Structures are given as C-alpha cells and as structure tokens.
Amino acid sequence: MRAAIILAAGQGTRMKSAMPKVMHRIAGRPMINHLIAACETVFDRIIVVAGPGMPELEKAVLPHASVVQAERLGTGHAARMAAPLLEGFTGDVAVLYGDNPLVSPATLARLVAARAEADLVLLAMRPADPAKYGRVVQDAAGAVERIVEWADANEAERAIGLCNAGVVCAAWPDLARWLGGLTNDNRQGEFYLTDVVEAARAEGRRNRAVEAPEAELRGINSRIELAAAEAEVQARLREAAMLGGATLTLPESVFLAWDTQLGRDVVVEPHVVFAPGVTVEEGVTIRGFSHLEQCVVRSGAIIGPYARLRPGTEVGEGAHVGNFVELKAATLGRGAKANHLTYLGDVTVGAGSNIGAGTITCNYDGVNKHRTVIGAGAFIGSDTALVAPVRVGDRALVAAGSVVTEDVPDDALAVARGRQVNKPGRGFKGR
C-alpha cells in the first residue's frame, strides 16, 4: 500500500487572489486536481492538507480525505497534520505540494520504485535558473546528505546545480518519526519538511535523489508562473491531439482543456477554444474563432467559423453550425443545418432540417426555460422567432419573418406575421 500527502494550505499571497492558490485553473481544471489525477495512478490513498477557511478546496478533492492545518508553521508541520489519518499505516508515503501540479505519473512511479534502493527518496531537478530553490547536498557516493534552503545556504552551497523539488517518500513509520522530531531552529522559524533528510542520515539511513525535468517540478506561486504552467500543459495537450490523428493548422493558437477528446481526421482551424467537457468525433472540421464547452460533435460535422457551442449541446453526424451561431442545450439531428446568425437554446432539431439566418428560440419567459422541438426535414425561414414551448412538425415550413407561438403540424406551412399593406403615393415623394 502507498499513500500520498498533498500539502495545499498555502494562501498564495503572490497570486493576489481570494481563492486558494491550488484552486487556480490550468487547462480548465484546478491545479490540485491535476496532481491528484497523477497520484491516483500510483498511490492507494490520498490525503490533502488544506488551510483554514478553504471549503471549496475540501470539496474539490473529494472523495479523497482532507485535513486542516490551522496554523501555518511550515511544510514539516503541515505533513504532520495527516498523521491521525495514517494511524497504523505501514506502507510508503510520499509528501507532495499542491502548487507543483505538473508532476507526471511516470515520475511518481520512479519515485516510489527508488524506495527499493534507499530509505528516503526525494525528487530533484536542475533548473536553468536555480534562483532561490533549496540545494541538494550529496556525498562522494551520490547519497543525499541534506537539503539547504536558500536563506540558510552559504555561497558554496548556492553554487550547487541540483535543486530540491520538495517531494519526499519513505516508509510511514520512519517518516512519521522524523517529522515528529523536526525543530524550527532556522531563519524562518518554521518546521521544514526537508529536514527529514538529515534526520534519516543521522540514523545511518541511505537517502537518494531522483531527478526529473524542471517543467514537471517547478512551483506555481504567481500569475506569471501560472501562465507558464498553462503554456507547458497546452503544448503537451496539442502534441497529444496531433499524435492522435487531429490536425491543428496553427497549434499555438488552439487552446484545449485537460479532458478534450478529438477523434482522427478532425481539423481545427486557428483560434479555437475548447473549455472542459468536449468530445469531437472523427472527421469533424472546426473553423476558426469557435468556442466549445461541455458538448458533443458527431462525425463529419462542420462547426464555425465564429460558432459557440454551450453546455448540453449535441451536434449530429454531418450537421452544419455556421458563423455567429450559438447553441445551448441544443440537439441537432443528422445533417441538420444552422448556417448563419442564429440562437438555438433548449431545442431539438430533427435530421435534415434547415434553420434560416436570424432564427431564435425564445426559450426563457423570465422565470423558467422552455423547450422547442423541430421535426425532421423542416424548414425554418430567416428571421423567425420560435416562442417556446412550441413544436414544429416534420417537413413543416415556417415562412420568413414569422413569430411562431403555436404548434405547427407535420407538412404544414406556417405564416405568422403581419399582412403587408402597400400605400400608393406614400413613399418619399408623398412626404
């Protein structure tokens, strides 16, 4: 059995936000959930250490357990908070940081595998700019002697290129003992998690560092670093999409969510944004400047340009959604078309139907939402308002400019507009 303790009590002062730092989103998902997803592939139990007054964080990490660090007395103190939930546990425990969300499952697997050769294992990196990271001090054999925080390091120690990523892993009985013996005798007056390295060394235990890429291990402490992490994740997602058979004609302009699914032979034109919850089947074309969220696009459909697909929308096989068309909780049947300047909300459109330019479904009466149903093979003329709840039958025709307030039977023609009256001589000349 293996467990992970994720430290997430930080307020994120440099974020200048009322929201807990680890709740800031990367690719549409809170950073804490990125790390949890990676941990779920390696660890049997996950415990998140939150700060006081963070109910949204405690909810976000469910069904995993959480505990509260009432006083922020350092990383070592935070890790201790999980001890009551690990009473009697004898397996390995890794301590990770919620603001290091990009650690890969492969790196975590290497971390726990290294426990076969050492009593305490930690993650380390060689960043291009070591900045103020803690330094990993090793002996001649490569074993880790101690971690020196930047504030406490001398010039020789600051010259070391191997930097601490903060993550440690050991058998819980050992780690719990070392945590219990920590002191706050340092410049910051805090209990450092990294001091467990020296505690293990003092017992004659072997410590080992596992190196991983900086891109996985760098922390996120500011909006600038959050943007850098977003860029890193987007690059990974775009690469995965293209390796999976999708074409992104200008990849750097396409923004994907963590769970975006693109089928083979999908073509995504420039400046398309995928919010979470989007599935696009094979052979779909998504034209430029479109925005999709919590929707499904079936095979062979064409979306955009400048289309917006909102939550609850399903676009059928071979259907067309054109420029400046917005769909919300809409189902378009196979081969249906809505090509221009249209709002379709809370609507079902049958197979092969055509929705003319300027059509709107009037779905909200100021209190409740109502649904419109349009049958198969229907034709809705341009500039039509369909006042829900209303049904337009199969193969029905609605004349352009109509305001439809009553059901239209199958195969009927509906004309719902004022009768045109011409007044001879009353044009410009008559004025």
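Our subject is the structure that appears above.
Just so we're clear, the structure is a prediction, and the values are computed from it rather than from any experiment. (Residues numbered from 1 in each chain as written. Predicted model: local features only at pLDDT ≥ 70, side-chain atom pairs only at ≥ 80, totals over all residues. Heavy atoms only, no water.)

**Regarding the nonpolar core**
Put simply, the test is: Here, nonpolar core refers to any group of buried Ala, Val, Leu, Ile, Met, Phe, Trp, Tyr and Cys residues whose side-chain atoms link them within 4.5 Å. Only protein chains enter the area calculation, which uses a 1.4 Å probe; residues under 20% of their type maximum are buried, those over 50% are exposed, and those in between are partly exposed. To qualify as a helix, a DSSP run of H or I must reach at least 4 residues; to qualify as a strand, a run of E must reach at least 2; elements of each kind are numbered from the N terminus. Every residue pair with non-hydrogen atoms within 4.5 Å of one another is taken to be in contact.
Among the nonpolar cores identified, the biggest contains 91 residues, and Ile32 and Phe274 are the most heavily contacted of them. Sorting elements by how many residues they give to this core places helix α1 (residues 31–40) first, with six residues. Apart from the residues lying within four places of it in its own chain, the contact partners of phenylalanine 274 are Val254, Phe255, Leu256, Ala257, Thr260, Leu262, Val268, Val280, Ile286 and Leu292.

**Topic: a nonpolar patch on the surface**
The following threshold applies: For patch detection, residues must exceed 30% relative accessible area and be free of salt bridges, and they are connected within 9 Å for like charges or within 5 Å for nonpolar side chains (Val, Leu, Ile, Met, Phe, Trp, Tyr). With residues, only the protein chains shown are counted as cover, and all accessible areas are computed by Shrake-Rupley using a 1.4 Å probe. What counts as a salt bridge is simple: a side-chain nitrogen of Lys or Arg found within 4 Å of a carboxyl oxygen of Asp or Glu.
Together, Phe289, Tyr306, Phe324 and Leu341 line one region of the surface with nonpolar side chains, adding up to about 430 Å² of accessible area. Turning to its location among the elements, tyrosine 306 is positioned in the loop between β20 (302–303) and β21 (308–309).

**Quick look at the side chain of serine 253**
As a reminder, the rule being used: In protein, a polar contact means a hydrogen-donor-capable atom and an acceptor-capable atom, both N or O and within 3.5 Å, with residues adjacent in sequence counting only if both atoms are side-chain atoms; elsewhere, any N or O pair within 3.5 Å suffices.
Positionally, serine 253 belongs in the loop between β12 (247–248) and β13 (261–262). Taking the relative accessible area as the measure of exposure, serine 253 reaches 9% and is therefore buried. A polar atom in the side chain of serine 253 sits 2.9 Å from the backbone oxygen of leucine 250. Polar contacts involving the side chain of serine 253 include one to the main-chain amide nitrogen of histidine 271, which spans 3.0 Å. The residues touching serine 253, leaving out its near neighbours within four places in the chain, are Pro270, His271 and Val272.

**Notes on α1**
Most of α1 is tucked away: eight of the ten residues are buried. Considered for burial, the residues of α1 that qualify are Met31, Ile32, Asn33, His34, Leu35, Ile36, Ala38 and Cys39.

**Describing unusual backbone geometry**
Following leucine 62, the chain continues to proline 63 via a peptide bond in cis, the omega torsion being 10°. Take proline 63: it is sitting in the loop between α2 (55–60) and β5 (65–68). For the peptide bond that leads from alanine 388 to proline 389, omega is 0°, which places it in the cis range. Here proline 389 shows up in the loop between β29 (385–387) and β30 (390–392). Even without being glycine, phenylalanine 324 reaches a positive phi, approximately 60°. In this fold, phenylalanine 324 is placed in strand β23 (residues 320–332). The exposure class of phenylalanine 324 is partly exposed, given its relative accessible area of 48%.

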